[in-house]
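Structural characterization, general
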Amino acid sequence: MWNDLKKAPLTAWFGIVTIAFYIVLIIFADVLAPFDETSIVGRKFEPWGAEFLLGTDNLGRDMLSRLIYGARNTVSIALVTTMITFALGVFMGLMAATLGGWLDQLISRLVDVLMSIPMLIFALLLLTIFGTNVVSLVLVIAILDSTRVFRLARAVAMDVIVMDFFEAAQLRGEGLLWQIRREILPNVMPPLIAEFGLRFCFVFLVISALSFLGLGIQPPTADWGSMVRDNATLITFGEVTPLLPAAAIAWLTIAVNFVVDWKLHQASGLKS
Amino acid sequence: MSDILLDIKGLKVEGKSADTWQQIINGVDLTLNRGEVIGLIGESGAGKSTLGLAAMGYAHDGCRISGGSVNFDGIDLLNLSSAQSRGLRGKRIAYVAQSAAASFNPAHRIIDQYTEGPVVHKVKGRTEAKKEAEVLFEKLQLPNPHTIGFRYPHQVSGGQLQRAMTVMAMSCKPDLIIFDEPTTALDVTTQIEVLSAIRNIVDEFNTAAIYITHDLAVVAQMADRIKILLKGDQVEEAPTAEMLDAPQEEYTKSLWAVRSLKSPIKPAPAKGDVPLIQVQGVTAAYGKVPVLHDVSFDIHKGRTVAVVGESGSGKSTAARVIAGLLPPSEGQVLIGGEAFPTHFKQRSKAQLQQVQMIYQMADTALNPKQKISEIIGRPAEYYLDLKGKAARERVRDLLFQIELEPDQFIDRYPSELSGGQKQRIGIARALAAEPSFIICDEVTSALDQLVAEGILRLLQKLQGDLDLTYMFITHDLATVRAIADDVIVMKDGALVEMGSREDIFAPPHPDYTELLLSSVPQMDPNWLTTVLNGRAQER
Amino acid sequence: MIALIQLILSRVALGLLTLLIVSAVIFLSVELLPGDLAQEILGQRATEESVAAMRRDLGLDRPLIERYVSWLGGALRGDFGVSLANGRAIQDLIGERFINTLLLAAYTASIAVPVAISLGLAAALYRNSIFDRMVNVTTLITISFPEFFVGYILILFLSSKLGWFPGISNIRGDVGFFEFLYKTFLPALTLTLVITAHMMRMTRAAIINLLARPYIEMADLKGMPRRRIILKHALPNALAPIINVIALNMAYLITGVVLVEVVFVYPGLGQLLVDSVSKRDVTVVQAACLIFASVYIILNLTADVLSIVTNPRLMHKK
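Keep in mind that what you see is a predicted model, and the values were worked out from it rather than measured.

**Describing unusual backbone geometry**
All names here are of chain B. With a phi close to 60°, Asp 385 is a non-glycine residue in the positive phi region. The residue Asp 385 is located in the loop between helix 14 (372-384) and helix 15 (388-401) in this model. The backbone of Glu 434 sits at a positive phi, close to 50°, despite the residue not being glycine. The residue Glu 434 is located in the loop between helix 17 (419-432) and strand 17 (437-441) in this model.

**Some words on the domain arrangement of chain B**
You can read the domains of chain B as domain 1 (1-89 + 224-257) and domain 2 (277-506). A C-alpha centroid distance of 39 Å is found between domain 1 of chain B and domain 2 of chain B.

**Quick look at the UniProt feature "domain: ABC transporter" (unreviewed entry) in chain B**
In this structure's numbering, the residues bearing the UniProt feature "domain: ABC transporter" (unreviewed entry) are residues 8-256 and 277-517 of chain B. Secondary structure content for residues 277-517 of chain B is 42% helix and 26% strand, and the end C-alpha separation is 27 Å.

**Points about the sheet that holds strand 13 (residues 304-308) of chain B**
All names here are of chain B. Pairing within the open sheet is mixed, and its six strands lie in the order 16-17-18-13-19-20. The open sheet is flanked by strand 16 (355-358) and strand 20 (494-500), the only strands paired with a single partner. Averaged over all pairs of adjacent strands, the angle between their axes in this sheet comes to 20°, without regard to strand direction. Across four bridges, strand 16 lies against strand 17 in parallel orientation. Each residue of the ladder has a partner; that of Ile 358, found in strand 17, is Cys 440. Where helix 11 (residues 315-323) meets the sheet, it contacts strand 13, strand 16, strand 17, strand 18 (469-474) and strand 19 (486-491), and its direction lies at approximately 145° from that of strand 18.

**Some thoughts on the interface of chain C and chain A**
Taken together, the 46 residues of chain C in the interface contact 41 residues of chain A. Overall, the association of chain C and chain A removes approximately 3700 Å² of surface from exposure, summing both partners, and the carbon and sulfur fraction of that is 83%. The largest share of the area that chain C buries against chain A comes from Ser 144, Phe 148 and Tyr 152 of chain C, three residues that together contribute 16% of it. Here chain C and chain A share one salt bridge between them. The salt bridge involving Arg 201 of chain C is made with Asp 261 of chain A; its shortest N-O contact spans 3.8 Å.

**Concerning helix 13 (residues 282-309) of chain C**
Here helix 13 of chain C spans 40 Å end to end across 28 residues, near enough to the 40 Å set by a 1.5 Å rise per residue. Across the 28 residues that make up helix 13 of chain C, a large majority, 20, are buried.

**A short note on the domain arrangement of chain C**
Residues and elements named next belong to chain C. Assigned domains within chain C: domain 1 (2-76) and domain 2 (100-315). In this assembly, 18 residues from domain 1 lie in contact with 16 residues from domain 2. For the pairing of domain 1 and domain 2, the buried interface totals around 1500 Å² over both sides, and the portion due to carbon and sulfur atoms is 82%. The tally of links between domain 1 and domain 2 comes to one salt bridge. Asp 304 is the salt-bridge partner of Arg 11, the closest N and O atoms lying 3.1 Å from each other. In this structure, the connection of domain 1 to domain 2 is made through three residue pairs in polar contact (both at pLDDT 80 or more). Only helix 1 (2-29), helix 2 (37-42) and helix 4 (64-76) provide two or more residues apiece to the side of domain 1 that touches domain 2. In terms of residue class, the side of domain 1 that touches domain 2 is built from 13 nonpolar, three polar and two charged.

**Thoughts on the packing of helix 8 (residues 164-172) of chain A against helix 9 (residues 176-212) of chain A**
All names here are of chain A. Contact geometry for helix 8 and helix 9: axes closest at 11 Å, N-to-C directions at 175°. The angle between helix 8 and helix 9 places the two elements in the roughly antiparallel class. Here Phe 165, Phe 166, Ala 169, Gln 170 and Arg 172 of helix 8 lie close against helix 9, whose contacting residues are Trp 178, Gln 179, Glu 183, Ile 184 and Asn 187. Broken down by class, the residue content of the contact of helix 8 with helix 9 amounts to five nonpolar, three polar and two charged.

**Notes on the environment of Arg 535 of chain B**
Residues and elements named next belong to chain B. Tracing the backbone through its elements, the reader meets Arg 535 in helix 22 (residues 527-538). Here Arg 535 is in contact with Ile 192, Leu 515, Ser 518 and Ser 519, once residues within four sequence places are set aside. A polar contact of 2.9 Å, which involves the side chain of Arg 535, links it to the side chain of Ser 518.

**A look at a nonpolar patch on the surface**
Residue and element names in this part refer to chain A. A cluster of nonpolar side chains, Val 80, Ile 84, Leu 88, Phe 91, Met 92, Val 135, Leu 139 and Ile 143, forms an exposed patch at the surface whose accessible area comes to about 680 Å². Counting only elements with at least two residues in the nonpolar patch, the list comes to helix 4 (63-99) and helix 7 (134-161). Looking at the nonpolar patch, the element that brings in the most residues is helix 4, giving five residues. Mapped onto the elements of the fold, Val 135 is located in helix 7. You can call Val 135 exposed: its relative accessible area is 58%.

Rules and cut-offs
- Residues numbered from 1 in each chain as written.
- Chains lettered and ligands numbered in written order.
- Predicted model: local features only at pLDDT ≥ 70, side-chain atom pairs only at ≥ 80, totals over all residues.
- Heavy atoms only, no water.
- Helix = DSSP H or I, 4+ residues; strand = E, 2+ residues; numbered from the N terminus.
- Domains from an automatic or database assignment.
- UniProt positions renumbered as here; feature names shortened; annotations may be inferred.
- Pairing = 2+ DSSP bridges.
- Axes fitted to C-alpha atoms, helices over the stretch in contact; angles between N-to-C directions.
- Contact = heavy atoms within 4.5 Å.
- Buried area = accessible area lost by both parts, 1.4 Å probe.
- Salt bridge = Lys/Arg side-chain N within 4 Å of Asp/Glu carboxyl O.
- Expected span 1.5 Å × (residues − 1).
- Buried < 20%, exposed > 50% of the residue type's maximum accessible area, 1.4 Å probe, protein only.
- Polar contact = N/O pair within 3.5 Å; in protein donor to acceptor, adjacent residues only side chain to side chain.
- Nonpolar A, V, L, I, M, F, W, Y, C, P; charged D, E, K, R; others polar.
- Parallel < 35°, antiparallel > 145°, perpendicular 65-115°, else oblique.
- Patch = residues over 30% accessible without salt bridge, like charges linked within 9 Å, V, L, I, M, F, W, Y side chains within 5 Å.
- Areas by Shrake-Rupley, 256 points an atom, 1.4 Å probe, with all protein chains shown as cover.

See the structure below:
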């Protein structure tokens, strides 16, 4: 592991350091933030200064504190969503691949239909119906995005299933659980781990986008997407402040993408 | 004008793997006269294809020529501009690839791919080139020589495409052609046609050629001289007849000796013995595509039955029916006199244990994420209930039986093994179940000859020690001669002939068996000429 | 040839079937509402009678299938019913906005597609060069940017600071062609930046995959000039994968357009959709979703048919 890291390109190092930085923010948000997440501590739109390092927002809350708490809220919600996405997608994908037959057909066709509606659009429709709260947000995104994980998991599992060693295990009479646990999973983990990074980025961006539209994480919770929306008017006055939460989103996404890109590159290098 | 066309001196080629450059060829010399054919022989990793390409001043993506010189007709190929070397390639030096199907562009008609060489190199015009192509198509006995050029590559069969590629190499009348295993992917009956085509055309235009192959008998037909390579070094080189009769080096002698392996004749099974395997009137299909028609045969205990046939003959399907992987639409399979359920999922543990398989591609047959101890230990644990220490002891015994040092191998992963070692692990996994019957599906065809011979000897030894019964599926008649007690010949999903090895190999034969047997290249350099003359007279 | 037409017809039929199923999904998802539409409109405190009356007004007392068929039939004629929020015909709300959205999408595509394809090709041809690595890093960064981030950065610099382009795309009333291009330049540029990155990465991957084929090496070994190898040997086989890349990215465009319209207050269908979601105006949301989904499915279907037509193996059956 350490040897790998030593050979990693600059971009990967940048990614790893950034992710570590965000983790520190998330864990120590309470200690690091100078003010409370939701209390109004000053006047509206105060400029950067000694008291409020990054100024205040449209209600007079401290921008820096909300940025720090936003890390905890936005990232953890995206992470939970991605985990559900994965659990669902991988489970269904492996089931469809190993059991095959009508079950595979049924799930695959269902996924085809779900994927033939652009994801954000479908999410908007479902959020209208189920209401805009965190639980429905997480579930709607997780279910819709799990279709992509399903496709990948099924495809990589299929690659294993056509292998002779899998046939040998079947012919031996091994049970389904053993086949999945010992034959398939160890072989499909590397691509799935890379996919986890990519899916996290995607989910993170979708949730931020929905929050930005006012349909995701709801006030007064500090969240990067809605912070951009709340303070957008400042941009027309040439202020950078409202872009900070957006930059925070971009920075983390870039970091994850760099790490995934490095891992994928490594995997393709090993193959040849 | 000197007689020497190609002069390679101290050639070194490197390839990049895991970010470091590794030598593929470590300083090899090669000289070739005008009109001469040299055969390059070697096992996988010998560097023969790399050497062939280097003769064009070319290296694959990820490889580079790092030393030595390549002199072609007075031109230093390694110090040419890109435009100059492009001017030579295709025009004066041409290349015929192993897989014509992959090397023809699917987007263009064959004739257009033929004419582009002469037109771009300004050798002749399109119309003239087209006419010449038709003449060559006819000469190589391609069907419909006047129209076949208007087809797209995927509309033509593999053997025909390989001949079309030879024709294409000829389009600018080059001085030198590199043939890179042009018949390796073909069935024997197709191979002989392509071989004769290549030889005719090389003779007719007095073209020099480098013929790359791993098959000694093939190269004996094609080459004036033979050069033997091993891991990027030359072993020896001599004129063909001399090389065949009196090889100097140990390595060469061992290559030659492989073909003499022959199992002793076993007494015929007693009458009235119940055969271990009885296949009775089996008809089977993949979906709607029929693959087996009313096939019946018996396999007796303690014997090796070879099932031979070309691709599409249904030989592997027969094995899959026995294993329960493909339930037949008609007929049944009795094992030890008992009718087994047709699908393996309905078979009991004890029934599954009876039939084990060894696969062709050892790479895909072993789970790359499991250690050897688990790969071999699992069947022992599953069928024989061996746990912990007992299972590990059993794995050690089995490794010992397959002639691999237990301490060294038990905790390795498959990626840390060579091809032959992997195949041995595949054998051990089958043995671990303590089966009565083992299906060997082309188990040696992906291996180099010396390694393959080792596997065959091991299988013979194990048969003697453990009283095993083998069904040996192969397309290679040399393997059949080496190991089979009985032979079944199949074609197009039906049985052509069956009998003991002596019966099958002794005339008279049914037509198809005759064709098959006579198409297998022999070490005699005159074999191809004799067979072709013989066939011409019959017509 | 007949086999090819059959293949294309079967794809078209499959596409239409998908459209039908998707319309059903969109229609039926409203049935998941706790209570029903009438309850939703009138709120929890409404009396039984008024809810029942509303139900009759909306035709909710009719069987599900009947309602679906009449909704779909209406949609095919462009009649999507009325908005729950303001009672106006949805047709009137959507009409012009849909055109605006299409215009913005077309504007974007006409810049993004040629730029992305040529840069992607260049990156593939000069693989592992400095240029290629720069492209890789730049595109990775760009795809990591939320659309609204890109949009606001452009507003901040090109509008607020430099004043070159308007930060709000007000195109109501009569606008000439060039005025339209000027006023919508920033939203189009935002979408272009986001999509180009995706499209370039995919083009590069598709071309590299293609250049690794043995027939490309064969052309090299035949001494063909590099230009000819690219144009004659690679390009004809690259059409199908490139078409798929474009179609896939038009999907990103559909998603992106919603966000960008909000950022630039552009009067398009996307903004209407977002407004309607916040107002829980279910009927309008349904209509907008159906339109977006149909465009998406039709795009994919077109790509599918085009890649069949440009695939030599399928064009010339055995």
